[in-house]
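# Understanding the architecture of this molecule
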Amino acid sequence: MAGSRHRILIGTAASLGLILLWEAVSRSGAVSARFLPAPSVVVATLWTMIAERGLLYHAGVSTLRVWVAFLIAAAMAVPIGILMGSVRWIGAALEPVIDFIRYLPVPALVPLSIIWFGVGESTKIFLLWLGTFFQLVLLVADDVRRVPHEFHETAMTVGAPGWRRLTDVSLPAMLPTLVDNMRITLGWCWTYLIIAEIVAADSGLGFVIWQARRFFQTPEVMAGVITIGIIGLLTDQVIRAAHRRWFRYLVR
Amino acid sequence: MSYLEFRSVTKRYGPVEVVAPFDLEVAEGEFVVFLGPSGCGKTTLMRMVGGLEQPSSGRILLRGQPLGPPDRRRGMVFQSYSAFPWLTVAGNVAYGMRYRRDLTAAEKRARTAHFLRLVGLTDFAHQWPNRISGGMRQRVAIARTLAAGSEILLMDEPFGALDALRRERLQLELRRIQREEGRTVIFVTHDVEEAAFLADRVIVFTRRPARILAEVDVTARLGPESTLELRGSAEFFALRNELLALVRSTDEEEEATAP
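Just so you know, these numbers come straight off a predicted model, no measurement behind them. (Residues numbered from 1 in each chain as written. Chains lettered and ligands numbered in written order. Predicted model: local features only at pLDDT ≥ 70, side-chain atom pairs only at ≥ 80, totals over all residues. Heavy atoms only, no water.)

### A look at the pairing of strand S1 (residues 4-13) of chain B
Residues and elements named next belong to chain B.
- Looking at chain direction, S1 and strand S2 (residues 16-26) are connected through seven bridges and run antiparallel. Note on S2: the bridge partner recorded for Glu 5 is Glu 25.
- What sits between S1 and S2 in their antiparallel hairpin is a turn of two residues, with Gly 14 showing a positive phi close to 60°.
- Looking at chain direction, S1 and strand S4 (residues 57-62) are connected through five bridges and run antiparallel. Residue pairing in the sheet places Arg 7 in a bridge with Arg 59 of S4. (Pairing = 2+ DSSP bridges. Helix = DSSP H or I, 4+ residues; strand = E, 2+ residues; numbered from the N terminus.)

Structure, rendered in structure tokens:
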């Protein structure tokens, strides 16, 4: 485990170095503090925003939106993707439609989504779902197809009925990649969330950032952005740790 | 009535003829090796016995009954991906019985332990397949098909990825297990020595479309035992060279017809 400790050490040192460099540049006055406030200022702002402006509430609202939309998307994408990947005609039928929608940039669909759903929560959930479902479903379908035929044939020759091959072979065989794909797709959710919250919201981190921009509060903008980064980093690390724990059998 | 019977079995994929009309009878408990150049169609024939492919024409009969879709009577052992990585060694062996309703949970546990012992993996029961050697993974696959109760073991170059020493050990063990358990084996390989060592009977195939080039009754020539001493004997070498000459002749044929 010395290797992984080493990695953490290098990662931390590099990040700290970058922050120190940023602090030095801001303090030197080479760049106006209006454009590039020092990290110490940003951290102080972050603290006031948490204490006085309910930043954690906004962060919570955003996280909730991301997870609700993501869970809906995943709950649909996993079964549909598995069906697309295992039953040939279902894949053939759905793939063109999904491919078409997948290529539409989510921001282009904001107006349509506002016409359909107004400016409430459903618009945001819809946009996030749009951005993740169509990506994830194709990834899932591909993962299912990549399950080695030997696994299926082993199951068939010990007498597994067709549907049991889905639950006993396809699903466990693809699960590690599925979790990885979900982790990556969850990250994309944040991109779409900020777009949705900038366009139509009175809460959430996107709203906070956009408000701060209107008043040229660069430290607040940065504090908002950093909050997203921290949430992302934490989520990612938690899921990675879970992945290592659940799929210990992959370690050679 | 013979045990397993191929009756004018053919296979074509579109315009490509993979198996020419093929006839063969296999006795119960026999160890038959399909020997031939890669891609000659011998694997296709074996997969048809497993029900994983359908003959384009002709029939395969097991005890006089035409074969249906895959079931546990005909178990496969592949060269790679032979064990599920998400199940332990014991879990993989037990998987062979997962869909069997005729066994109680206790019986399944007992059988798992029995077949683990038979292939010498008792100490590795709780290990993950990715953490054991390739040879051990093949033992897991063999134990799984035995636990499933397969009467025919279909083995597709199962030892092809192993080093010489491990391969020899597994060959010895496979022969012992097959004798003890009295199962029928159809074993596909392009390794002449392996064929000579394992088989009761070797079927040498031509290039595609698969046809029988020669049938060699190994038991009649070398006796029923496969031992390491036998491997060093003059008779074994003679037989091996004979098979090698046959396989070579299929190769020359290819060069002669190449443009």
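### Looking at the sheet that holds strand S7 (residues 152-156) of chain B
All names here are of chain B.
- The sheet built from six strands is open, its strands ordered S6-S7-S8-S3-S9-S10 with mixed pairing. At either end of the open sheet lies a strand with only one pairing partner, and these are strand S6 (74-77) and strand S10 (212-217). Strand-to-strand twist of the sheet, defined as the mean angle between neighbouring strand axes without regard to direction, takes the value 15°.
- In this sheet, S10 lies alongside strand S9 (residues 201-205) in antiparallel orientation, the contact comprising five bridges. Looking across to S10, one finds that Ile 203 is bridged to Glu 215.
- This element, helix H1 (residues 42-50), spans strand S3 (31-35), S6, S7, strand S8 (184-189) and S9 of the sheet and lies at about 150° to S7. (Axes fitted to C-alpha atoms, helices over the stretch in contact; angles between N-to-C directions. Contact = heavy atoms within 4.5 Å.)

### Some thoughts on the side chain of Glu 53 of chain B
Residues and elements named next belong to chain B.
- With respect to the secondary-structure elements, Glu 53 resides in the loop between H1 and S4.
- Side-chain polar atoms of Glu 53 contact the side chain of Tyr 13, separated by 2.3 Å.
- Polar contacts involving the side chain of Glu 53 include one to the side chain of Arg 47, which spans 2.9 Å.
- Residues in contact with Glu 53, not counting those within four places in the same chain, are Lys 11, Tyr 13, Thr 44, Arg 47 and Met 48. (Polar contact = N/O pair within 3.5 Å; in protein donor to acceptor, adjacent residues only side chain to side chain.)

### Observations concerning the interface of chain A and chain B
- Taken residue by residue, the interface counts 23 residues in chain A and 25 residues in chain B.
- Summed over both sides, the interface between chain A and chain B buries roughly 2,200 Å², with carbon and sulfur atoms accounting for 65% of that surface.
- The largest per-residue losses of area from chain A upon contact with chain B belong to Thr 157, Val 158 and Tyr 249 of chain A, which jointly make up 31% of the total buried on that side.
- Taken together, chain A and chain B are joined by two salt bridges.
- For Glu 153 of chain A, the salt bridge identified is with Arg 47 of chain B, shortest N-O distance 2.6 Å. (Buried area = accessible area lost by both parts, 1.4 Å probe. Salt bridge = Lys/Arg side-chain N within 4 Å of Asp/Glu carboxyl O.)

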